[in-house]
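Below, each chain spelled out in residue letters.
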Amino acid sequence: MTLEPVTRRLTAILAADVAGYGRLVGLDEEGTLARLKAHRLELIDPTIAAHRGRLVGTAGDSLLVEFASVVDALRCAAEIQRGMADRNGAEAAERRIAFRIGVNFGDVVSDGDDILGDGVNIAARLESIAEPGGICVSGRVHEEAAGKVALTFEDIGEQRLK
């Protein structure tokens, strides 16, 4: 048995997930799904496209997006978070849909249209420690973006990720 060669590349990876999704669905499943779909169609998908991202996958309330540029990934993440804050303004606090976003720059393995590997795993772990409505980035992302984006970074120290 021969193994096919693996295709690797460096890429910027954005992982996003809805904070408290299970609770939101428990409160109002149909309403939550309809609002999430509207957010995707009206804000998230167009923002990803505007920043030259490629939606790699979705699973319920999560998104995995690939960018050729760390700057594009960060600008996209920030625009999504600002847009979600605006869209949630009139919603009752317990019904707001807020994303946690993690952004990493790392090595991935291509498998058809999918991407796999440590770069993706780290982005997902960063997303899990982000605050609802926040963005958590790796040190490599911060280094690559320094002086290139109009965002303020807060150092939360070295984190041990699963």
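Look up: the structure comes first, before these words.
Now for a description of the structure that goes with this document. (Residues numbered from 1 in each chain as written. Predicted model: local features only at pLDDT ≥ 70, side-chain atom pairs only at ≥ 80, totals over all residues. Heavy atoms only, no water.)

Some remarks on unusual backbone geometry
We apply this condition: Helix numbers and strand numbers start at the N terminus; a helix is a DSSP run of H or I with at least 4 residues, a strand a run of E with at least 2.
Backbone geometry places Arg52, a non-glycine residue, at a positive phi of 60°. Note on placement: Arg52 falls in the loop between α2 (29–50) and β2 (54–59).

A look at the pairing of strand β1 (residues 7–18)
We apply this condition: Any two strands with at least two DSSP bridges between them are considered paired.
As judged from the twelve bridges shared by β1 and strand β4 (residues 99–111), these two strands associate in the antiparallel manner. What sits directly across from Ala12, in β4, is Phe105. Pairing of β1 with strand β3 (residues 62–67), which is carried by six bridges, proceeds in the antiparallel orientation. Among the inter-strand pairings, Ala12 is bridged to a residue of β3, identified as Phe67.

Observations concerning the pairing of β4
Where β4 meets strand β6 (residues 135–137), three bridges bridge the pair, whose relative direction is parallel. Bridge pairing in β6 places Ile101 opposite Ile135. In textbook terms, the turn of a hairpin is the stretch between consecutive antiparallel strands, and for β4 and strand β5 (residues 114–116) this stretch comprises two residues, one of which, Gly112, has a positive phi near 65°.

Notes on α2
The test is simple: Here, expected helix span is obtained from the residue count minus one, scaled by 1.5 Å. Here the bend at a residue means the angle between the axes of two seven-residue stretches, the one that ends at it and the one that starts at it. Type-normalised accessible area, obtained with a 1.4 Å probe on protein chains alone, sets the label of each residue: buried when under 20%, exposed when over 50%, and partly exposed for intermediate values. Only heavy atoms enter the contact rule, under which two residues are in contact if any of them lie within 4.5 Å.
The terminal C-alpha atoms of α2, which comprises 22 residues, lie 30 Å apart, in line with the 32 Å expected from a rise of 1.5 Å per residue. Roughly 45° is the biggest bend found in α2, and it falls at Arg40. Regarding α2, the residues found buried are Gly31, Thr32, Arg35, Leu36, His39, Leu43, Ile44, Thr47 and Ile48. As for α2, its buried residues are in contact with β1, α1 (21–27), β2, β3, α3 (70–88) and β4. Where α2 ends, the next residue or the one after it, Arg52, has phi of about 60°, a positive value.

As for the packing of α2 against α3
Put simply, the rule reads: Inter-axis angles, ranging from 0 to 180 degrees, are taken between N-to-C directions of lines fitted to C-alpha atoms, where helices are fitted over the stretch in contact. Any angle that falls under 35 degrees is termed roughly parallel, while one over 145 is termed roughly antiparallel, one within 65 to 115 roughly perpendicular, and all others oblique. Helix crossings are classified by the rotation of the near helix relative to the far one: an anticlockwise turn of less than a right angle makes the crossing left-handed, while a clockwise turn makes it right-handed. Under the scheme applied here, ten amino acids are nonpolar (Ala, Val, Leu, Ile, Met, Phe, Trp, Tyr, Cys and Pro), four are charged (Asp, Glu, Lys and Arg), and all others, including Gly, are polar.
Put simply, α2 and α3 touch, their axes get as near as 9 Å, and they point 155° apart. By the criterion of interaxial angle, the relationship of α2 to α3 is roughly antiparallel. Here the hand of the crossing between α2 and α3 comes out right-handed. Along its contact with α2, which presents Ala38, His39, Glu42, Leu43, Ile44, Thr47 and Ile48, the element α3 presents Cys76, Glu79, Ile80, Gly83, Met84, Arg87 and Asn88. Taken together, the residues that form the contact of α2 with α3 break down as seven nonpolar, four polar and three charged.

The values reported here are purely geometric and, on their own, carry no functional implication.
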